[in-house]
Amino acid sequence: MSLIKEQINSENLPKHVAIIMDGNGRWAKSRGEERTFGHKNAINAVRNAINACNEIHIPYLTLYTFSSENWNRPADEVNTLMGLLAETLLLEAEEIFTKGLRMHVIGNLDKLPVMVKDQLLSVVDLTKENTKGNLVLAISYGSQSEILNAVKNISSDVKDGKLEVENIDEKLFENYLYTKDFPPVDLLIRTSGEIRISNFLLWQIAYAELQFLNVLWPDFTKDIFFQCIVDYQNKERRYGLTGDQIQIQ
């Protein structure tokens, strides 16, 4: 067993971990390869994150798979990413199902190639009865668009008389987000050394612990994930309160 894993307190686990998987291009360039080489070698890191979550029973893992801004990348890179996503879904669907994980997808799926969208939805349907954990893929996702769509839908419901303005609060607003069925993010991890959020789950990370790692995504291991959990458990989460107030509770 991993020595780092043994340090984890099973009574103080985050319910929801989200990861910005960054650094594939730099990893490839450091080896004299094209950016797409990095994307192809990132699959093991994805498996490591999923397996680590599964081993210590963290119920929700969200992976920033493809952002709404990624559509602006060179066409050959986008095509490679879409093809890799389709290939990975075919290869990993049975494993996801066997592990008892339920897969969800959030984002603007209408922009995806039909084949990729169909494969995603087929895995979502295949795993819909699974209860051992939730794997959430954020694909063609942008948090600003998600929030804007929520505002538009709330406005429409107010206009149609389905909703009173006075009844709009944080909980109601969350019901209009893609993540309405998920708990808020407790821990956000970003690899590659960059310190930014990149339009990812802006509402959902309001009180998340943030960890920025000097590790490129293809080098991400289970032990790195376990260390993130240990570091998370060493933090005092205050939710706007003082340390003294937390101790009294």
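Read on for an overview of the structure. What you are looking at is a predicted structure, and each value in this text was computed from that prediction instead of being measured.

## Focus: the sheet that holds strand β5 (residues 187–190)
Here is step 1: Judged by pairing direction, the sheet is parallel, and its six strands sit side by side in the order β3-β4-β2-β1-β5-β6 without closing on themselves. Here the strands that pair on one side only, and so sit at the sheet edges, are β3 (101–106) and β6 (209–212). Across the sheet, the mean angle from the axis of one strand to that of its neighbour is 20°, orientation sign disregarded.
Here is step 2: As paired strands, β3 and strand β4 (residues 133–141) are joined by six bridges and run parallel to one another. Each residue of the ladder has a partner; that of Leu101, found in β4, is Gly133.
Here is step 3: Contacting β3 and β4, helix α6 (residues 114–126) runs over the sheet at an angle of about 140° to β3.

## Points about the pairing of strand β2 (residues 60–67)
Here is step 1: Burial runs high along β2: seven of the eight residues are buried.
Here is step 2: Taken together, the five bridges between strand β1 (residues 16–20) and β2 define a ladder with parallel strand orientation. Among the inter-strand pairings, Ala18 is bridged to a residue of β2, identified as Thr62.
Here is step 3: Pairing between β2 and β4: seven bridges, direction parallel. When the sheet's bridge partners are listed, Leu61 is paired in β4 with Leu135.

## Focus: the pattern of salt bridges
Side chains that differ in sign of charge can pair as their charged atoms come close.
Here is step 1: All told, the structure shown has 13 salt bridges when counted by the stated rule.
Here is step 2: For Asp125, the salt bridge goes to Lys128, with nearest N and O atoms at 3.1 Å.
Here is step 3: For Lys180, the salt bridge goes to Asp181, with nearest N and O atoms at 3.6 Å.
Here is step 4: For Lys180, a relative accessible area of 46% gives the class partly exposed.
Here is step 5: Overall, the relative accessible area of 56% leaves Asp181 in the exposed class.

## Here we look at unusual backbone geometry
Here is step 1: One non-glycine residue, His57, adopts positive backbone phi at about 65°.
Here is step 2: A relative accessible area of 62% places His57 in the exposed class.

## Comments concerning the nonpolar core
Here is step 1: Among the nonpolar cores identified, the biggest contains 47 residues, and Val17, Ile19, Leu61, Met103, Leu120, Phe225 and Ile229 are the most heavily contacted of them.
Here is step 2: Looking at which element gives the most residues to this core, the answer is helix α5 (residues 75–98), with eight residues.
Here is step 3: Discounting residues that sit within four places of it in the chain, Leu61 has contacts with Val17, Ile19, Ala49, Ile50, Cys53, Asn134, Leu135 and Val136.
Here is step 4: Counting residues in hydrophobic clusters, the runner-up holds 15 residues, among them Ala18, Val136, Tyr141 and Phe182.

## Some points on the packing of α5 against α6
When two helices pack together, their arrangement is given by the angle between the helix axes and the distance between those axes.
Here is step 1: Put simply, α5 and α6 touch, their axes get as near as 10 Å, and they point 15° apart. The orientation of α5 relative to α6 falls into the category roughly parallel. The two elements α5 and α6 meet at a crossing, and its hand is left-handed. Between α5, through Met82, Leu85, Ala86, Leu89, Leu90, Ala93 and Phe97, and α6, the contact on the second element is made entirely by Met115, Val116, Gln119, Leu120, Val123 and Leu126.
Here is step 2: Here the contact of α5 with α6 is composed, by residue class, of 12 nonpolar, one polar and no charged.

## A look at helix α4 (residues 43–56)
One turn of an α-helix holds 3.6 residues; hence residues three or four places apart share an orientation.
Here is step 1: Here α4 is 14 residues long and its end C-alpha atoms lie 20 Å apart, about the 20 Å a rise of 1.5 Å per residue gives.
Here is step 2: When we look at burial in α4, the residues that qualify are Ile43, Ala45, Ala49, Ile50, Ala52, Cys53 and Ile56.
Here is step 3: A positive phi of about 65° marks His57, the residue just after α4.

## Comments concerning the environment of Gln233
Here is step 1: With respect to the helices and strands, Gln233 occurs in helix α9 (residues 222–233).
Here is step 2: Gln233 sits 222 residues away from Glu11 along the chain, and the two C-alpha atoms are 9.9 Å apart.
Here is step 3: Beyond its immediate chain neighbours, meaning those up to four positions away, Gln233 contacts Gln7, Ile8, Asn9, Asn12 and Leu13.
Here is step 4: Polar side-chain contacts of Gln233 include one of 2.7 Å to the backbone oxygen of Asn9.

## Remarks on helix α7 (residues 143–159)
Here is step 1: For α7, with 17 residues, the first-to-last C-alpha span of 24 Å sits near the 24 Å given by 1.5 Å per residue.
Here is step 2: Where α7 is concerned, the buried positions are Ser143, Glu146, Ala150, Ile154 and Asp157. Each buried residue of α7 lies within a common arc of 70° when the element is viewed along its axis, so the set occupies one face. For α7, exposure combined with an orientation more than 90 degrees from the buried face picks out Gln144, Lys152 and Lys159.
Here is step 3: In this structure, the buried residues of α7 make contact with β4 and α8 (170–174).
Here is step 4: Directly beyond the C-terminal end of α7, a positive phi value near 80° is found at Gly161.

Scoring rules and cut-offs
Residues numbered from 1 in each chain as written. Predicted model: local features only at pLDDT ≥ 70, side-chain atom pairs only at ≥ 80, totals over all residues. Heavy atoms only, no water. Pairing = 2+ DSSP bridges. Helix = DSSP H or I, 4+ residues; strand = E, 2+ residues; numbered from the N terminus. Axes fitted to C-alpha atoms, helices over the stretch in contact; angles between N-to-C directions. Contact = heavy atoms within 4.5 Å. Buried < 20%, exposed > 50% of the residue type's maximum accessible area, 1.4 Å probe, protein only. Salt bridge = Lys/Arg side-chain N within 4 Å of Asp/Glu carboxyl O. Core = buried A, V, L, I, M, F, W, Y, C linked by side-chain atoms within 4.5 Å. Parallel < 35°, antiparallel > 145°, perpendicular 65-115°, else oblique. Left-handed = near helix turned anticlockwise from the far one by under 90°. Nonpolar A, V, L, I, M, F, W, Y, C, P; charged D, E, K, R; others polar. Expected span 1.5 Å × (residues − 1). Polar contact = N/O pair within 3.5 Å; in protein donor to acceptor, adjacent residues only side chain to side chain. Arc of directions from axis to C-beta.

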